[in-house]
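Spelled out from the first residue to the last, the chains are:
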Amino acid sequence: MDLLVDIGNTRLKWAWRRKERRTPQQVAVHGGGLPGEVRREWQAEGPPARVFIANVAGDEMAAVCRRWMEDVWRLAPRFLVACQQQMGVVNAYREPQRLGIDRWLALIAAYHRYRKPVLIVDAGSAITLDMADGNGFHQGGLILPGLKMMGDALAANTALPPLSPQEGDGGLAVDTASAMASGPLQAVIALIEKMANILSAENASETVMTGGDAAMIGDRLAVPAHLAPELVMDGLALLAEHTL
Amino acid sequence: MKWLFFLLVILNLVVFIWGFQNEPPAPVGADHPTPGVKRLELFSEQKSTVPPAEAVASGTPDEENTPSEANDHQIAEAGETSAADAEAPAAPVGESMEFIGMVGEKRPEPFDPDALPPTAAGKTEQQTEPTTGNTTMKAASAVAEVLPPSQGPAQESRGPDSSIPSTAVEDTPPPVSIQPAGEEGSASKGTETPTAQAESPPAKRCLSLGPMLDQAEVGALEKALARYPVDSRLRTEMIAKAGSGYSVVVPPLPTKEEALAEERRLREAGYKDLYRFHKGRMANAISLGFFSKEALAKKLAERMQAKGFEVQVRPRKVARTVYWLDLILSAETPTDTQLEHDVLADHPAVKLEHRACPTSAVDY
């Protein structure tokens, strides 16, 4: 049995992989540490034979995971990093290992799922867009602040009130709070649609949405998109499957 | 004498008029003016306010603050009992005697996870849940919360599951296609899940317990903490501990280029056994070796200083990882005193440190 862990900037997601199948991912806000409920669940289910971790939350998060697993399971987790080429996908970064591991795993999962040109949008604390052609060649990507981060930046640097996530539905707004919410949302929507149109201009392609804000953004897109909240976890499972 | 009598009458009149003007208009039996303090009720009044059937339905004495169905509902919605207290009819006589004496406070209750604010009891299934900190949830249910009704069925196969059987092996959920926005524009407004945004969140306080050397100590501490509704997060901290021996080092240089140049100069001078630090506190410093005796380290340092190298002798430090438990708990209980008595008494080396609560969990 393997434990698959995807640690984002805000949330920790995990799933168990048994006999080439895995459980749906579970999610907890990590707050820079290992939440009690996560440790309890891991202890109840574990110990796994192997642990694969995709971590973009920094060294401290990696340290607490490593130390806890060594203490409790006498097991060293494997921290994954992106590389130049893996499982049919070719990394476009000049320094391949600098590509976020979550983006790399999402690319691998999307390539194996669609075998078509893909635009992958991971909308979480930050938003990343990555494009790959149908042969698995990564074309590059974009990173921008997530919706909340944009709203927070607006509130922090102006006299505008703090953004409430409930405000606004993405259309033209007639009050300040809604306008502050709709602006970032419309900007992201416009960018995704632009990139999707570029990608689909020559070949049939797919747009895949993942991350905490995927559903909200995807619902407002004027281009067809797939909602795949567990895309990174799919990539982790694929990698675990092909790793001895 | 007559004048004195007259003067006394006038004085009495003045005092009477003054007292009459300042007398509070409240009639006997009005609500207690202090917020949060319950109105004193006669036993006969209490009997008349709670019909026998409701009194039974109100359950155990611990639920006496919430005897009515309306208040039960209020608690389920708000996840706290303070709202119910304000208008709670009195409980059956035998129990209310004690309650009335508590002047505005709830009777201390044993830990009941179902009555907690947003903790493991799972009260915060709405959008606010991830921000509360105690947030284990299925991704499927999270998606179901933000999807508009039109997309609900696509998630149904994953939505209702509230726990994964430990032996179950389930299929990975396939991606869900999202139709381009168009006529469904109005439906999409449904994604803006109305939450209790008007209510201020329950007051919280945050503190850290540590340092702890191993998981066994963490486990013992968490066991003692289990009686309280706390949200805990484990983190590690690297500390430098004095080790044995001394090192000779070129102190950290301002830039990597300068460190590289110094390394080259040292090698050219015949010092081949050296190590340049790449990151951390000692980034761009160069180590020239460890010595068990300080005198030997000083001897090398003096020799190098004579050749124009700026080096120092430093006591060797070893890095050690310690655990800290970051806790988010309600503003009232457990108090620091309770924690020190119930949790930390057996762990004298563990300190309690207050810290600022995170303003937001970022996620929603």
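Because the structure is a prediction, the values reported are computed rather than measured. (Residues numbered from 1 in each chain as written. Chains lettered and ligands numbered in written order. Predicted model: local features only at pLDDT ≥ 70, side-chain atom pairs only at ≥ 80, totals over all residues. Heavy atoms only, no water.)

A closer look at the overall build of chain B
Step number 1: Along chain B, the regular secondary structure elements total 13 helices and eight strands.
Step number 2: Sorting the 364 residues of chain B into buried and exposed places 34% on the buried side.
Step number 3: Pairs at least 24 apart in sequence give 72% of the contacts found in chain B among residues at least 6 apart.
Step number 4: On chain B, roughly 22,300 Å² of surface is accessible, and the fraction owed to carbon and sulfur atoms is 59%. (Helix = DSSP H or I, 4+ residues; strand = E, 2+ residues; numbered from the N terminus. Buried < 20%, exposed > 50% of the residue type's maximum accessible area, 1.4 Å probe, protein only. Contact = heavy atoms within 4.5 Å. Areas by Shrake-Rupley, 256 points an atom, 1.4 Å probe, with all protein chains shown as cover.)

Things to note about the overall build of chain A
Step number 1: Scanning chain A from terminus to terminus reveals seven helices and 14 strands.
Step number 2: Going through the 244 residues of chain A one by one, you find that 61% of them count as buried.
Step number 3: Within chain A, contacts between residues separated by at least 24 positions form 54% of all contacts whose residues are at least 6 apart in sequence.
Step number 4: Accessible surface, chain A: about 9,700 Å² in total, of which carbon and sulfur atoms supply 52%.

Here's the deal with the packing of aromatic side chains
Two numbers describe a pair of aromatic rings. These are the distance of the centres and the angle of the planes.
Residue and element names in this part refer to chain A.
Step number 1: What the rule picks out here adds up to six aromatic pairs over all chains.
Step number 2: Ring geometry for Trp 42 versus Trp 73: centroids 6.4 Å apart, planes at 35°, classification tilted. Residue Trp 42 is found in helix H1 (residues 36–45), and its partner Trp 73 is found in helix H2 (residues 59–73); the two are separated by 31 residues along the sequence.
Step number 3: For Trp 42, a relative accessible area of 0% puts it in the buried group. (Phe/Tyr/Trp six-rings, centres within 6.5 Å; stacked < 30°, edge-to-face > 60°.)

A few points about the state of the cysteines
All names here are of chain B.
Step number 1: By the definition in use, this model includes one disulfide over all chains.
Step number 2: Covalently, Cys 206 is tied to Cys 357 through a disulfide, its sulfur atoms 2.1 Å apart. Measuring the twist about the S-S bond at about 110°, one finds the Cys 206-Cys 357 disulfide to be right-handed. Of this pair, Cys 206 sits in strand S3 (residues 204–212) while Cys 357 sits in the segment after strand S8 (351–355), placing them 151 residues apart in sequence.
Step number 3: Of the residues examined, Cys 357 reaches a relative accessible area of 29% and is grouped as partly exposed. (Disulfide = S-S within 2.5 Å.)

As for the pattern of salt bridges
All names here are of chain A.
Step number 1: The final tally for this structure, using the stated rule, is 23 salt bridges over all chains.
Step number 2: With a closest N to O distance of 2.6 Å, Lys 116 and Glu 206 form a salt bridge. Of the two residues, Lys 116 sits in the loop between helix H3 (101–114) and strand S10 (118–123) while Glu 206 sits in strand S13 (residues 206–210), which places them 90 residues apart along the sequence.
Step number 3: Residue Lys 116 is classed as partly exposed on the basis of its relative accessible area, which comes to 30%.
Step number 4: Within the structure, one salt-bridge network assembled from shared partners comprises Arg 22, Arg 113, Glu 230 and Asp 234. (Salt bridge = Lys/Arg side-chain N within 4 Å of Asp/Glu carboxyl O.)

Description of unusual backbone geometry
Step number 1: The amide bond that connects Gly 46 of chain A to the next residue, Pro 47 of chain A, takes the cis arrangement and shows omega of 5°.
Step number 2: With an omega of -5°, the peptide bond running from Gly 210 of chain B to Pro 211 of chain B counts as cis.

Examining a nonpolar patch on the surface
Residue and element names in this part refer to chain B.
Step number 1: On the surface, Phe 5, Val 9, Leu 13, Phe 16 and Ile 17 cluster together into a nonpolar patch covering about 530 Å² of accessible area.
Step number 2: Note on placement: Phe 5 falls in helix H1 (residues 2–22).
Step number 3: For Phe 5, a relative accessible area of 59% translates into the label exposed. (Patch = residues over 30% accessible without salt bridge, like charges linked within 9 Å, V, L, I, M, F, W, Y side chains within 5 Å.)

Here's the deal with the sheet that holds strand S12 (residues 138–145) of chain A
Step number 1: Here six strands make up an open sheet; going across it, the order is S12(A)-S11(A)-S10(A)-S13(A)-S14(A)-S2(B) and the pairing mixed. The strands lining the two open edges of the sheet, one partner per strand, are S12 of chain A together with strand S2 (176–178) of chain B. Sheet twist, expressed as the mean angle between neighbouring strand axes with direction ignored, is 20°.
Step number 2: Strands in contact with helix H5 (residues 176–200) of chain A are S10, strand S11 (126–132), S12 and S13 of chain A; relative to S11 of chain A, the strand with the most contacts, it is inclined by about 5°. (Pairing = 2+ DSSP bridges. Axes fitted to C-alpha atoms, helices over the stretch in contact; angles between N-to-C directions.)

Section: the packing of H3 of chain A against helix H7 (residues 231–241) of chain A
Residue and element names in this part refer to chain A.
Step number 1: Remark: H3 packs on H7, axes separated minimally by 7 Å, with the N-to-C direction vectors making an angle of 80°. Between H3 and H7, the angle falls in the class roughly perpendicular. Mapping the contact onto sequence places Asp 102, Leu 105, Ala 106, Ile 108, Ala 109, Ala 110, His 112 and Arg 113 in H3 and Leu 231, Val 232, Asp 234, Gly 235, Leu 236, Leu 238 and Leu 239 in H7.
Step number 2: Its residues assigned to classes, the contact of H3 with H7 shows 10 nonpolar, two polar and three charged. (Parallel < 35°, antiparallel > 145°, perpendicular 65-115°, else oblique. Nonpolar A, V, L, I, M, F, W, Y, C, P; charged D, E, K, R; others polar.)

A look at the pairing of strand S2 (residues 11–18) of chain A
All names here are of chain A.
Step number 1: With eight of its eight residues buried, S2 lies for the most part within the structure.
Step number 2: As paired elements, strand S1 (residues 2–7) and S2 share six bridges and run antiparallel to each other. The residue bridging Leu 4 from the neighbouring strand is Ala 15, located in S2.
Step number 3: Across four bridges, the pairing between S2 and strand S4 (residues 26–29) is antiparallel.

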